[in-house]
Amino acid sequence: MTDRDRTPDGRPQNARPRDALGRPLPPGEEGVERVPEDLDLDVEETIAEGQRLLDHGFPFHAHEVFEAMWKKAPPEERPLWQGLAQLAVGLTHLLRGNPTGAESLLKQGQARVRHYEDEPPYRLDIDGLASWADHLLTEIARDEPIPAPPTPRLRMP
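Note that the coordinates shown come from a computational prediction; the quantities given were computed from them, not determined experimentally.

The rules behind the values
- Residues numbered from 1 in each chain as written.
- Predicted model: local features only at pLDDT ≥ 70, side-chain atom pairs only at ≥ 80, totals over all residues.
- Heavy atoms only, no water.
- Helix = DSSP H or I, 4+ residues; strand = E, 2+ residues; numbered from the N terminus.
- Buried < 20%, exposed > 50% of the residue type's maximum accessible area, 1.4 Å probe, protein only.
- Core = buried A, V, L, I, M, F, W, Y, C linked by side-chain atoms within 4.5 Å.
- Contact = heavy atoms within 4.5 Å.

(A) Expanded view of the environment of Asp118. Relative to the helices and strands, Asp118 is located in the loop between α4 (99–114) and α5 (126–141). A relative accessible area of 75% places Asp118 in the exposed class. Considering only alpha carbons, one finds Asp118 and Lys71, 47 residues apart in sequence, at a separation of 24 Å.

(B) Inspection of the nonpolar core at higher detail. One finds Phe66, Leu80, Trp81, Leu84, Leu106 and Leu154 to be the most contacted residues of the largest nonpolar core, which totals 32 residues. No other element matches helix α3 (residues 78–95), which puts eight residues into this core. Leu106 has contacts with Leu87, Gly90, Leu91, Trp132, Ala133, Leu136, Leu137 and Ile140, leaving out every residue within four places of it along the chain.

(C) Here's a closer look at unusual backbone geometry. The phi angle at Arg123 is positive, at roughly 60°, despite the residue not being glycine. As for its position among the elements, Arg123 is in the loop between α4 and α5. Here Arg123 falls in the exposed class, since its relative accessible area comes to 52%. Its identity as a non-glycine residue notwithstanding, Asp143 has a phi of 60°, on the positive side. By relative accessible area, Asp143 is classed as exposed at 69%.

This is how it looks when you write it as structure tokens:
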């Protein structure tokens, strides 16, 4: 039995390489760069990095960026960042071919971000994100492959 990978402070970690959608690859294969576990961005950097990752086809990584903000955000903002993380991982599940998981996470994320639609913080396009999720949910309900789902836009135009 081999020892588990550990961080320098002794916490368990999975050091296996991952593909663009966050799936583990066999040991020794080259994966994509991972989001550091100690990521510490401010709100503007978080939104910009999340959008950059979404634009480049890395929704799983965008989810990790939003999750890092969710963990440190003030309590009144945590549902916002959790919702953004769920929308991103919902897209991840869709791209992985898991429409059931995608549907569940898109619904949960949409419900969380909609709490902010009356006064969207940080110029986030809450209505646009909700519409984007509605579009994907409609496509999932058709039970047909979705060849290239649209990329969500985080900010208002």
